[in-house]
Amino acid sequence: QVQLVESGGGLVQPGGSLRLSCAASGNILSIYIVNWYRQAPGKRRELVATITSGGGTNYADSVKGRFTISRDNAKNTAYLQMNSLKPEDTAVYYCNAQMGVDGYWGPGTQVTVSS
């Protein structure tokens, strides 16, 4: 199994940028599919971005062109670069590592986009 801890959240003005990190321990993150999810108050958790073990990526339409998911295997860490942030991006962001039916989650990091 793998343990995940997110960091990098905070308060940012509209149009600003943040980079979230998902640090893994206990196993090699590169063997997992890594997903970033987010959940806003009163809303369902939604999938934002995915990166496969082979490096393929996929994005929700709402973030396409603004967010970039990546991984640094040497650091056992995945990232979510978020640019051109909007107030509707405000949510708790969660890192998920998935292998078959086994899924692992971090505790989340809060992102608030507000002027």
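Residues numbered from 1 in each chain as written. Predicted model: local features only at pLDDT ≥ 70, side-chain atom pairs only at ≥ 80, totals over all residues. Heavy atoms only, no water.

Trainee: Help me understand the state of the cysteines in this model?
Mentor: By definition, a disulfide is the covalent link that joins the sulfur atoms of two cysteine residues. With the rule as written, the count across this model stands at 1 disulfide. Between Cys 22 and Cys 95 runs a disulfide, and the two sulfur atoms are separated by 2.0 Å. In this structure the cystine formed by Cys 22 and Cys 95 twists about its S-S bond by roughly -75°; its chirality is therefore left-handed. Residue Cys 22 is located in strand β3 (residues 18–25), and its partner Cys 95 is located in strand β9 (residues 91–99); the two are separated by 73 residues in the primary sequence. Classification of Cys 95 by relative accessible area gives buried; the value is 0%. (Disulfide = S-S within 2.5 Å. Helix = DSSP H or I, 4+ residues; strand = E, 2+ residues; numbered from the N terminus. Buried < 20%, exposed > 50% of the residue type's maximum accessible area, 1.4 Å probe, protein only.)

Trainee: What should I look at first to understand the sheet that holds strand β7 (residues 67–72) in this one?
Mentor: Strands pair in a sheet through their backbones, by hydrogen bonds, and they do so in one of two ways: parallel or antiparallel. In spatial order, the strands read β1-β3-β8-β7; together these 4 strands make up an open sheet with antiparallel pairing. Across the chains shown, the open sheet's two edge strands, defined by having one partner strand only, are β1 (3–7) and β7. Direction aside, neighbouring strands of the sheet carry axes that sit 15° apart on average. Looking at chain direction, β1 and β3 are connected through 5 bridges and run antiparallel. The partner of Ser 7 across the bridge, within β3, is Ser 21. (Pairing = 2+ DSSP bridges. Axes fitted to C-alpha atoms, helices over the stretch in contact; angles between N-to-C directions.)

Trainee: What is the right way to look at the pattern of salt bridges in this model?
Mentor: Pairing between side chains becomes possible if they bear opposite charge and their charged atoms approach one another. Inspection of the entire model under this criterion finds 4 salt bridges. One salt bridge connects Glu 46 with Arg 38, and the closest N-O pair in it is separated by 2.6 Å. Overall, the relative accessible area of 5% leaves Arg 38 in the buried class. Here Asp 61 makes a salt bridge to Lys 64, at a shortest N to O gap of 3.1 Å. Judged by relative accessible area, which is 49%, Lys 64 ranks as partly exposed. (Salt bridge = Lys/Arg side-chain N within 4 Å of Asp/Glu carboxyl O.)

Treat this as a map of the structure, not an account of what it does.
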